[in-house]
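Spelled out, the chains give:
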Amino acid sequence: MLLSKGAHCFLLHAHLPWFRDQQALNDYGIWWFYECLAESYLPLTNVFSGISNNQYELKFILSCSAPLLSMLSSQEICDGFERYLKSRIKLAKSEAIRNYYSKHEKAVCEHYQKYYSNILDNWYELNGDLISEWRKLSRKGHVEIIATSVSHSILPFLLDESQHLNNHIRLGQDAIQRCFGIRPKGFWLPECAWDLQLENHLIANGVEWVVLEPEPGIHKDFRQSHFATDSGLNVVLRHQDGARLIWDSQRGYPADSIYRDFHRDIGFECDHSYLSSFTPGQRTPEYTGIKLTSIDGNTYKPNFATERVKEHASDFFHKSNSWLGFQGDSDKDPFNVFAFDAELFGHWWFEGPEFLRSLNKLFTKNGMVNQSAPKWMTPTQFFQSQ
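Residues numbered from 1 in each chain as written. Predicted model: local features only at pLDDT ≥ 70, side-chain atom pairs only at ≥ 80, totals over all residues. Heavy atoms only, no water.

## Regarding the packing of helix H9 (residues 240-247) against helix H11 (residues 302-323)
Describing two packed helices takes the angle between their axes plus the distance from one axis to the other.
Part 1 of the argument: Two elements in contact, H9 and H11, have axes whose closest approach is 10 Å; the angle formed by their N-to-C orientations is 165 degrees. It follows that H9 is roughly antiparallel to H11 by the angle criterion. By crossing handedness, the relation of H9 to H11 is classed as right-handed. Residues Asp241, Gly242, Leu245 and Ile246 of H9 touch H11, and the partners they reach there are Asp315, Phe316, Lys319 and Trp323.
Part 2 of the argument: Considering only residue class, the contact of H9 with H11 consists of four nonpolar, one polar and three charged. (Axes fitted to C-alpha atoms, helices over the stretch in contact; angles between N-to-C directions. Helix = DSSP H or I, 4+ residues; strand = E, 2+ residues; numbered from the N terminus. Parallel < 35°, antiparallel > 145°, perpendicular 65-115°, else oblique. Left-handed = near helix turned anticlockwise from the far one by under 90°. Contact = heavy atoms within 4.5 Å. Nonpolar A, V, L, I, M, F, W, Y, C, P; charged D, E, K, R; others polar.)

## Side note on the pattern of salt bridges
Part 1 of the argument: Applying the stated criterion across every chain, the model contains 17 salt bridges.
Part 2 of the argument: Residue Glu269 pairs with Arg264 through a salt bridge whose shortest N-O separation is 3.2 Å.
Part 3 of the argument: In the salt-bridge network here, residues are joined through shared partners; they are Arg170, Asp174 and Arg183. (Salt bridge = Lys/Arg side-chain N within 4 Å of Asp/Glu carboxyl O.)

## Some thoughts on the side chain of Arg88
Part 1 of the argument: As for its placement among the helices and strands, Arg88 is situated in helix H4 (residues 75-98).
Part 2 of the argument: Buried and unpaired, Arg88 has no salt bridge, with Glu35 as the nearest side chain of opposite charge at 6.2 Å. (Buried < 20%, exposed > 50% of the residue type's maximum accessible area, 1.4 Å probe, protein only. Lys, Arg positive; Asp, Glu negative; His and termini not counted.)

## A short note on the environment of Asp341
Part 1 of the argument: As for its position among the elements, Asp341 is in strand S8 (residues 335-341).
Part 2 of the argument: Distance in space between the C-alpha atoms of Asp341 and Leu62 is 9.8 Å, their sequence separation being 279 residues.
Part 3 of the argument: Discounting residues that sit within four places of it in the chain, Asp341 has contacts with His13 and Trp247.

## Quick notes on unusual backbone geometry
Part 1 of the argument: In this structure, His152 is a non-glycine residue whose phi angle is positive, near 60 degrees.
Part 2 of the argument: Looking at the element boundaries, His152 is found in the loop between strand S3 (143-148) and helix H7 (162-180).
Part 3 of the argument: On the basis of relative accessibility, which here comes to 16%, the residue His152 falls in the buried class.
Part 4 of the argument: If you check the backbone angles, Cys192 has positive phi at about 55 degrees while not being a glycine.
Part 5 of the argument: Assignment of secondary structure puts Cys192 in the loop between strand S4 (186-188) and helix H8 (198-204).
Part 6 of the argument: When its relative accessible area of 11% is taken as the criterion, Cys192 is described as buried.

The structure is reproduced here in structure tokens:
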């Protein structure tokens, strides 16, 4: 089969609100951050690192908000994460004992005990410094780091105050430069909110490309996968079919009944007197990260979920081949960006990082790039190749 010269890329937008103040440190906010760190940011980093170390093929864009980077840079918050992981390990061990006579429930609890132990080991290996690891991956070319507005503000709402608008763009870029030593070429627009008047502000701040939803009002070439505006701003349009396969709450892969049910957490099912020794300072009922139920209401079976992940990765792999064959009436090479919140992979969809790992293996053969499969490139790599 002769494949197009086009390429794919995943964009993961990593953002959480600011939880640095003392009240948040003692409230649910910081626990939410720790959940995302344990379930999304660290597992995703393992996926990135595995790809980089084994010459695998997937390429990622990682959009990082300034509040998230500030929390990842806080020694106080990072010290708390170590305590959080140790408390999850103790809780999982206690749950395995409590469910000793329930074979499947006990197995899930033992799975969590191993899971959080591995995450803690990984945290130690990185010396609690996720930003440095992302910096290394960026330099290797497997992850392109980009900025977003400094406080995740919706930029069209700021058009009446140009200086304020430019500050939100520039300070978001400054946060990336401070942490990664680069001036990002791409920019993630929160909620993909767009107005034609934003173009000049973005270009004036050195932005070379953005990602938008393919809607008729944005440009005459909205049916193509990418285009350049008259002022020279490159625009990549979010791939809708790829997004629906993962994002759709009813028919997307994460809705499969065999996967873990995010909402069925033991924090809502066990007595506070029992949980309080494992979750000091945490209100109850709240999420603990220990979830024993799959979406279908049965006991969660990690091994079954892993097999289903492979099926979904295979489905995405085969469909991605056909997506490169259509670019409307254009003779441009298609470029498909699959854009999602980073927290979807792991935090909301617990099996998400394993999906990406399984998908990546399909694009390789014996640890080398599969030449018969579509290419993966970051936007900057793609536009430089044109």
